[in-house]
Amino acid sequence: MNEKSFLILSRLFAVISIVAVLGFAVAPLEAGTYSGGTGEPNDPYLISTVEDINSIGTDSNDWDKHFKLVADIDLSGIEPNEFNIIGYKIYPYDKKAFEGTFDGNGHTISNFTYHDPDRYSAGIFGYTGSTCVIRNLNLRDVNVTGYYYVGGLVGLNYGIVENCSVNGTVTGSEKVGGLVGMNQQAGIIKDCNSCITILDYSNDIYQAAGLVGYNYEGDVVNCNSSGSVLGGNQSCMLGGLAGFNRGRIRQCYSTADVRGWWYVGGLIGEHDWYELVACYATGDVQGEDGSGGLIGRNYCDVSYCYAT
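From a predicted model like this one, the values you see are computed outputs, not experimental measurements. (Residues numbered from 1 in each chain as written. Predicted model: local features only at pLDDT ≥ 70, side-chain atom pairs only at ≥ 80, totals over all residues. Heavy atoms only, no water.)

## A short note on the pattern of salt bridges
Point 1. One pass over the structure, following the stated rule, counts 9 salt bridges.
Point 2. Between lysine 175 and glutamate 174 there is a salt bridge; the shortest N-O distance is 3.1 Å.
Point 3. Between arginine 250 and glutamate 275 there is a salt bridge, with the nearest N and O atoms lying 2.9 Å from each other. Linking arginine 250 in strand E25 (residues 242-250) with glutamate 275 in strand E30 (residues 275-277), this pair joins segments that are 25 residues apart in sequence.
Point 4. You can call arginine 250 partly exposed: its relative accessible area is 25%.
Point 5. For glutamate 275, a relative accessible area of 30% gives the class partly exposed.
Point 6. Through salt bridges with shared partners, one network takes in Asp219, Arg248, Arg250 and Glu275. (Salt bridge = Lys/Arg side-chain N within 4 Å of Asp/Glu carboxyl O. Helix = DSSP H or I, 4+ residues; strand = E, 2+ residues; numbered from the N terminus. Buried < 20%, exposed > 50% of the residue type's maximum accessible area, 1.4 Å probe, protein only.)

## With respect to the nonpolar core
General note: in soluble globular proteins, nonpolar side chains tend to be found buried as a group.
Point 1. Formed by 64 residues in total, the largest nonpolar core has its most connected members in Phe102, Ile124, Leu153 and Leu179.
Point 2. Looking at this core, the elements that each hand over two or more residues are strand E1 (45-47), helix H2 (50-56), strand E2 (66-69), strand E12 (138-145), strand E16 (165-171), strand E20 (193-200), strand E22 (212-221) and E25.
Point 3. Sort the elements by how many residues they give to this core and E12 lands first, with 3 residues.
Point 4. When sequence neighbours within four positions are dropped, the list of residues in contact with isoleucine 124 reads Leu75, Phe83, Ile85, Ile86, Ile109, Phe112, Leu139, Gly152 and Leu153. (Core = buried A, V, L, I, M, F, W, Y, C linked by side-chain atoms within 4.5 Å. Contact = heavy atoms within 4.5 Å.)

## Points about the side chain of lysine 89
Point 1. If you trace the backbone, lysine 89 turns up in strand E4 (residues 88-90).
Point 2. As a buried residue without a salt bridge, lysine 89 has its nearest oppositely charged side chain in aspartate 94, at a separation of 11 Å.
Point 3. The residues contacting lysine 89, other than those within four sequence positions of it, are Asp94, Lys95, Tyr120, Ser121, Tyr127, Tyr149 and Leu156. (Lys, Arg positive; Asp, Glu negative; His and termini not counted.)

## Topic: the pairing of strand E18 (residues 180-184)
Point 1. Most of E18 is tucked away: 5 of the 5 residues are buried.
Point 2. Pairing analysis gives 3 bridges linking strand E14 (residues 154-157) to E18, with the strands arranged parallel. Residue pairing across strands places leucine 156 opposite methionine 182, the latter belonging to E18.
Point 3. Pairing of E18 with E22 involves 4 bridges; the strand directions are parallel. Across the sheet, the residue bridging to glutamine 184 is tyrosine 216, located in E22. (Pairing = 2+ DSSP bridges.)

## Notes on the pairing of strand E23 (residues 224-231)
If a strand is regular, its side chains alternate between the two faces of the sheet.
Point 1. Summarising the sheet, E20 and E23 pair through 8 bridges and their orientation is parallel. Within E23, the residue paired with leucine 199 across the bridge is leucine 230.
Point 2. Summarising the sheet, E23 and strand E26 (residues 253-254) pair through 2 bridges and their orientation is parallel. Bridging from a neighbouring strand, serine 225 pairs with serine 254 of E26.

## Description of the sheet that holds strand E28 (residues 262-265)
Point 1. Strand order in the open sheet formed by 7 strands is E9-E13-E17-E21-E24-E28-E33, and the pairing between neighbours is parallel. Looking along the sheet, the strands with just one partner apiece sit at the ends: strand E9 (120-122) and strand E33 (289-292). When strand polarity is set aside, the average angle formed by the axes of neighbouring strands in this sheet is 5°.
Point 2. Relative to E33, E28 runs parallel, the two sharing 3 bridges. Pairing of valine 264 across the sheet is with serine 291, part of E33. (Axes fitted to C-alpha atoms, helices over the stretch in contact; angles between N-to-C directions.)

## Digging into the environment of glycine 240
Point 1. Within the element layout of this structure, glycine 240 appears in the loop between strand E24 (236-239) and E25.
Point 2. Note on glycine 240: relative accessible area 0%, which makes it buried.
Point 3. Separated by 41 residues in the primary sequence, glycine 240 and alanine 281 place their C-alpha atoms 7.8 Å from one another.
Point 4. With sequence-adjacent residues up to four places away left out, glycine 240 is seen in contact with Ala209, Gly210, Leu211, Ser225, Ser254, Ala256, Val258, Gly265, Gly266 and Leu267.

Written as C-alpha cells, this is what we have:
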C-alpha cells in the first residue's frame, strides 16, 4: 500500500469513528418517549402535545409511570370518540387501572370531548387505582357523555385527586360527577372545584352531582362546586356537590342549582353513612319526593352544616 492510499484509509477510519461516537451520543435522545423523561419519579415523562396526552391511553405498560404536563393542551382537534381514555373498567370484570402519577403542573387541558352513551368509566382517566395521584390540573370546556362511572376528569377513582378543577358539561346515566363519577373506598378528592352542567331531561340520572356522583367510603375535603345539575322526571339522588354519600365530606360547599325527582339536595342527594362536617349549600333546589337545601334524604349525623 502506497503512502497516499494509507492516508485516505486513515482519514476514512477517523470519520467512521467520529460518526459512531456521535451516534452513541445522540441515541439516548432519540430513544426518549413522549416529549422527554423516563417515567421515573425523579424524571417523569413530559407531556406537551396532543399526541403525547393521547398516546398514554394506548399503552397500559405506562400506566404505573410518572407524567408531568409542561404546556397547555387543546384537544379540540380530536373527534369525540378518538381520545384514548387512560384506564378502564368495563363492568364488572374487564378492568385495568392507571396506577401512576399525573402532575398537571398548573397547566390546562381544554376542549376534551368524548361521546359514547354506552361507555363505562368515561373521563380523561377512566379508572384510577389506589396508588394513583392526579394533581395540579385544570380542565376547561369538557363535554363528556358516558353511561356508568362518568366524570370530567375521572370516571372511577381509588386514588388521590388534588388541586384540580373542571368546567363544561357531563352527561351519563349513573354515578356521574363533574370531576369524578365515583370516588371509591380509600379515594381522596381534596382542594378541587367544578363549575359544571349535568343535564339530561331525556333520560333518568342516578347518583349525579356537580363534583362527585357517588362517594363510597372515600374522602372529599375542601372542595366546592357550582353550575347546575338538571335531571329528568325520574332522576334520583342528585346533589350540588355529591349525589350519594357513604363516606366523609368535610369543609365543602356548593352553589349549584339542582333539579330532579327523588332525593335532591343542594349539597348531597342522599347522605347515608359516615360524616358530613362544616359544609354548606346555597343553590336553588327543586324536587318532588325528598328534597332539601342541604340534603335530600339523610340517615346520619351532620355537624356544623347549613343551607341558605
